[in-house]
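Geometric and topological summary
The residues making up each chain are set out below.
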Amino acid sequence: MVNLTLSKTWQILGPFSIGMREQDFGSDPLEAYGGFYRLPYSEQAKYPSELVEGGLVSWSSVEAIEGQVGPINFPHVRWQENTVPFGWSIEQYQAWARTVLVLDQPTTFLMQVKGVSEFYINTTRYSGDCYGYGTIRHVIRLEKGLHMIQVRMIHDVRVNGGGHYPPQCSFRVFLDKIENSELDGGVVCLKDYTSLEVEHDILVPSYLADLGFAGQYGSVSLQNYGLSPLRIKSITVQLTRDDQGLNGQEECETVSGLIDSKSVIIAPGQACSVGFSFYLKTPVADVTDLKMALLIQTVMETQTAEKISMLVATVNIKPVDWTNSAFCYTFTDYDGTVQYAMAKKPRILDTDPTKPILLALHGAGVQANSEFWTESIRTQQNSWIVFPTGRTPWGYDWHGPSMKNAFKALESLSSIKDLITPVNTSIDNSDDWVLVSTSLQGNQTHKDKEVWVVGDVNRVIYIGHSNGGQGAWYLGSHYPDKAIAVVPAAGYIKIQDYVSYANWNGSSYADPLLRGLLECAIAEYNNDLHLSNMRGLAVLPRVGSEDDNVPPLHTRKYCRLLNEVAKDPCAISVSEVPEKGHWWSSVLDDDIIQKFLDQQIQKGTKDVPDWKDFMVSVINPAGTGSVRGIEVEQLDIPFRLGKIKASKLASHQISLKTVNVSAFKIHPWLGTWTELVVDGQVFYYADTTTDSVLFVKDYKGSPWKIVDQVSWPPSGIRSKATYGPIHRMYESSRPLIIRVPSDVRGSLKMIFKHTALQLSHDWYLYGRGNTLIIGDQEEVPVTESCELSFQIYLGLPSQNRALRCLLDRVPSDISLTETSIGVGQRTFDEPGTGILSLVPGVHSNELGILVAGLDVAGFDAACRLLPRRTGMLVPEWIITTPETRSKGIGGIVGGGYYDNRWRSFGY
């Protein structure tokens, strides 16, 4: 019998200052004194901290209750006084906690720490579950004896809120033994480790009463507890009725299989979501209870044998009355994983292909399937409402992967049209349908014999609350041509304005020029910088006058800026509701909101607004769509602000004046023109209503020319498709591929494998994404997708063969030797130096990310900067030193971006 004994007594040291999203840069003041790991507990020892009275903090201790530590209160801190000069940002603090784990024999067990971003076992760092999702744990193997557990606590104001005194930290440790049967089988079906109610983590679409499943895709989350890679060979779906009373269960005939015909490979310790497809061969009527069983065949290949096992996972399914409530539909997302969205049908299903769709973006920490959320917007007369997940409850602030997920959910809504076959009756003198009933075998009785349609996915109303309100502003300012209106409620302007980045420790050591370059990495998400793109778009901003979560100041500023853009002080106005806070049940559901929605929905496609001069503003074309028919494809200097000012000179004569733009497209949205003047150069063209036109600067002759879109850009030239920064890795069109050195042995091999597992853990935890961990000499699976994909290369210089081959084949400004790292004309050779950098991929639709160091310390510091969440100031290349551990960005000695020919520039 294995005994895992975690001491209930925790030693605490803190609080110390830390900036919002600064912890991954290191920035730990205790590193100046050797680091927390080396500091012995002492009641006499004191360490400097500006947060407390007297400027010195000392050790304390607390007792855990069932693994729960805290909330921890730090006395002698005048929090309210501290906020006078610094605001909420001073409530963002860090502290350390330490205890011991005792094992009476070598043990394999599961561990996770909820409420923190990182924890350590001895000196090995593990990623925590800071949002408390409860979806994944670490498989840990330790020898007999005493092991030190250290937890780095961060009081995250975005998670805990600001202005609540005293701001307290807490976390909970989850430890579980692994049964021998689970170790022998190698794989288990994951479940929420914080709840006893959810048996298995299985995603399936809703079963719509008397119709069938709202989609043909599902997924099951699996984790490999074994010591060898595991191959998922097949998944078979068995569906039975569980409502037959004395007659027992009745099996329903289904067809099923893996989505990917190739076997799914799961590395030891790794978790992933395995997608499958299924459909009923025979519809099931009058059902009240269904039970789905997944028969998962796995193969574990060891050095001596191949072991085949069968895992069974089950889920109970209740039919959904889809006529009166929102339902869940599933789809394959941009990266091939199975995701879900909620949908609410309109009261009337009709044949109008131009009707808009509402895209509803939830707030931070909100599950898309929460009834309070899906019921917060009224059922519309003719328009569908889509509630995407953004991948997870916190997601990525509706940027990047969350944005792509939202648009994919929107596109996939039409797939349920073939499933839902309503019995209707037509109304005299009307082309509308009124829903009477539904039936599996029903025939349509629409008088024109036309099939109903979902609507136009390019005529969207962005609507959202809180983080989703910010997301609505983001989509409206970055993808305005897909929208006809925006309803943002309680949305903040940008993450740096929600909780200021001004209080970073590293800013006391860093060159201001470097800080500016790092901030360019997230400037594309500065909604205020892109508001010019929203001119002419209908907007109804909503906020409660007493909102203490996202203060009304944010919404009022949005309105002020938009009215300045429109040169009209009354272009839009704030719908500010007196005596209401951040959330109330009718925040998106009152007569004011509904009247606005009705007005926008009733506008037809022929209601083209009068021409108004406008400005296109772009920081990163990779995350910006077309604006009034103009789409920037390339910037002169990437990650600098690009602009195109459009004005009408005559009826069909348009002038475009560009700043920092070297390529752009004109889409049909712009309409018909006979003369286009681009920076003084005249182009004659008759019609752009059927196709787009690409304009590119010709540096050899005239400033601009029209080029063939198929042959541009030429090899070795970057455009929006291959722009970074590094956080774009989560927009990969397939699982992230992590390549580890195969020829290393001993502790180095374990370090690289452990790092790969942490990266896999983070993408699964925060984005429900998958990774493929392979050796540097293994072949990468071929993909037919023409969308961008990413490979991550781990290792010290010269260790990763795949990276060496890549750098020999592609244009790169990076050089690696055993003793130095080169970027452009600069060389970095200090021990402990690390590099994180984007590099060209083998194929035109691929990018690589190299993570390397002159030694393990440098490699580790570079790895920490791979973005896990939003708001990370990580550009396209960055050089770390040992000082980053204590000084954060003050220890960064180089960083920046690449130009359109992959030449580095920056600091």
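For the chain, an unreviewed UniProt entry supplies the name Peptidase S9 prolyl oligopeptidase catalytic domain-containing protein and the organism Phycomyces blakesleeanus.

Looking at the overall build of the chain
Each helix and strand counted, the chain has 14 helices and 56 strands in total. Taking 907 residues into account, the globule formula puts the C-alpha radius of gyration at 29 Å, and the chain, at 28 Å, falls close to it. Here the chain holds 907 residues, and 59% of them are scored as buried. Only carbon and sulfur atoms are counted for the fraction: they give 49% of the accessible area of the chain, which is about 36100 Å². Charge centroids of the chain, computed over 80 positive and 99 negative side chains, lie 3 Å from each other.

Topic: the packing of aromatic side chains
Evaluation of the coordinates by the stated rule reveals 39 aromatic pairs. Ring centres 5.0 Å apart and planes at 80° place the aromatic pair Tyr207 and Phe213 in the edge-to-face group. Using a relative accessible area of 0% as the deciding quantity, one classes Tyr207 as buried. Seen from the ring of Phe36, Arg98 lies directly overhead, with NZ or CZ sitting 4.3 Å from the centre. When the ring centre of Trp611 is taken as origin, the NZ or CZ atom of Arg628, which lies over that ring, is 5.7 Å away.

Brief notes about the sheet that holds strand 46 (residues 736-740)
Pairing within the open sheet is mixed, and its 8 strands lie in the order 47-46-48-53-52-54-55-56. The sheet terminates laterally at strand 47 (771-775) and strand 56 (904-906), the two strands that pair on one side only. Taking the axes of each pair of neighbouring strands and ignoring which way they run, one obtains an average angle of 25° across the sheet. Bridge count between strand 46 and strand 47: 5 bridges; the pairing is parallel. Opposite Ile738, over in strand 47, you have Ile773 as the bridge partner. Of the strands in this sheet, strand 48 (789-794), strand 52 (834-840), strand 53 (846-853) and strand 54 (877-880) touch helix 13 (residues 856-864), which is tilted by about 140° from strand 53.

Side note on the pattern of salt bridges
In this structure the tally under the stated criterion is 35 salt bridges. A salt bridge links Arg78 to Glu53; the shortest N-O distance between them is 3.0 Å. Of this pair, Arg78 sits in the loop between strand 5 (68-72) and helix 1 (79-86) while Glu53 sits in the loop between strand 3 (46-48) and strand 4 (56-63), and the two are 25 residues apart along the sequence. The class for Glu53 is partly exposed, based on a relative accessible area of 43%. Between Arg378 and Asp591 there is a salt bridge, and its shortest N-O distance comes to 3.1 Å. You can see Arg378 sitting in the loop between helix 4 (371-374) and strand 29 (385-388) and its partner Asp591 sitting in helix 10 (residues 591-602), a full 213 residues away along the chain.

Here we look at the environment of Met300
Mapped onto the elements of the fold, Met300 is located in strand 23 (residues 290-301). By relative accessible area, which is 8% here, Met300 ends up buried. The sequence separation of Met300 and Val187 amounts to 113 residues, and the corresponding C-alpha distance is 9.3 Å.

Section: the sheet that holds strand 51 (residues 826-828)
Backbone hydrogen bonds hold the strands of a sheet together, and the pairing may be parallel or antiparallel. Pairing is antiparallel across the open sheet formed by 3 strands, whose spatial order is 49-50-51. Each of the sheet's edge strands pairs with one partner strand only, and the pair in question is strand 49 (814-816) and strand 51. Strand-to-strand, the axes of this sheet are offset by a mean angle of 15°, without reference to chain direction. Strand direction decides the pairing type here: strand 50 (residues 821-823) and strand 51, joined by 3 bridges, are antiparallel. Considered in strand 51, the bridge of Gly822 is made with Thr827.

Quick look at the side chain of Ser402
Looking at where Ser402 falls in the secondary structure, it is placed in helix 5 (residues 400-412). For Ser402, a relative accessible area of 1% puts it in the buried group. Once residues lying within four places of it in the same chain are set aside, the contact partners of Ser402 are Gly390, Gly395, Tyr396 and Asp397.

Observations regarding helix 11 (residues 746-767)
If you check helix 11, its first and last C-alpha atoms are 32 Å apart, about what 22 residues at 1.5 Å a residue would give, namely 32 Å. Of the residues flanking the end of helix 11, it is Arg768, one or two places downstream, whose phi is positive at about 50°.

A short note on the environment of Asp333
Its place among the elements puts Asp333 in the loop between strand 26 (327-332) and strand 27 (338-344). On the basis of relative accessibility, which here comes to 4%, the residue Asp333 falls in the buried class. Residues Asp333 and Pro401 lie 68 residues apart in sequence; the distance between their C-alpha atoms is 9.8 Å. Those residues in contact with Asp333 that sit more than four places away from it in its chain are Gln339, Arg391, Lys404, Asn405 and Lys408.

Re the state of the cysteines
A covalent bond between the sulfur atoms of two cysteines is what we call a disulfide. A complete count under the given rule lists 0 disulfides for this structure. Counting only cysteine sulfurs, Cys130 is the nearest neighbor of Cys169, a cysteine outside any disulfide, at a range of 12 Å.

With respect to the environment of Gln758
Among the structural elements, Gln758 can be located in helix 11. Residues Gln758 and Gln270 lie 488 residues apart in sequence; the distance between their C-alpha atoms is 9.0 Å. Those residues in contact with Gln758 that sit more than four places away from it in its chain are Arg125, Tyr126, Ser127 and His138.

Description of unusual backbone geometry
Here Gly70 and Pro71 are connected by a cis peptide whose omega angle stands at 10°. Summarising the element assignment, Pro71 is placed in strand 5. A cis geometry characterises the amide bond from Trp712 onward to Pro713, with omega recorded as 0°. Tracing the sequence through the fold places Pro713 in the loop between strand 45 (704-707) and strand 46. Residue Arg768 is not a glycine yet carries a positive backbone phi of 50°. Here Arg768 shows up in the loop between helix 11 and strand 47. Since its relative accessible area comes to 18%, Arg768 is described here as buried.

Quick word on the pairing of strand 54
Successive residues of a regular strand alternate their side chains across the two faces of the sheet. Of the two faces of strand 54, the one carrying Trp877 and Ile879 and the one carrying Ile878 and Thr880 are both buried. Judged from the 4 bridges that link them, strand 52 and strand 54 form a sheet pairing that is antiparallel. Within strand 54, the position partnered with Ile835 by the bridge is Ile879.

Quick notes on the confidence of the model for the chain
Confidence in the prediction for the chain averages 91 pLDDT; 93% of positions are at 70 or higher. pLDDT under 50 marks residues 422-449. Its contacts with residues more than four places away, or in other chains, come to 66 contacts.

Rules of the game
Residues numbered from 1 in each chain as written. Predicted model: local features only at pLDDT ≥ 70, side-chain atom pairs only at ≥ 80, totals over all residues. Heavy atoms only, no water. Helix = DSSP H or I, 4+ residues; strand = E, 2+ residues; numbered from the N terminus. Rg over C-alpha atoms; globule rule 2.2 N^0.38 Å. Buried < 20%, exposed > 50% of the residue type's maximum accessible area, 1.4 Å probe, protein only. Areas by Shrake-Rupley, 256 points an atom, 1.4 Å probe, with all protein chains shown as cover. Lys, Arg positive; Asp, Glu negative; His and termini not counted. Charge placed at Lys NZ, Arg CZ, Asp CG, Glu CD. Phe/Tyr/Trp six-rings, centres within 6.5 Å; stacked < 30°, edge-to-face > 60°. Lys NZ or Arg CZ within 6 Å of the ring centre and 35° of its normal. Pairing = 2+ DSSP bridges. Axes fitted to C-alpha atoms, helices over the stretch in contact; angles between N-to-C directions. Contact = heavy atoms within 4.5 Å. Salt bridge = Lys/Arg side-chain N within 4 Å of Asp/Glu carboxyl O. Expected span 1.5 Å × (residues − 1). Disulfide = S-S within 2.5 Å. pLDDT = per-residue confidence, 0-100.

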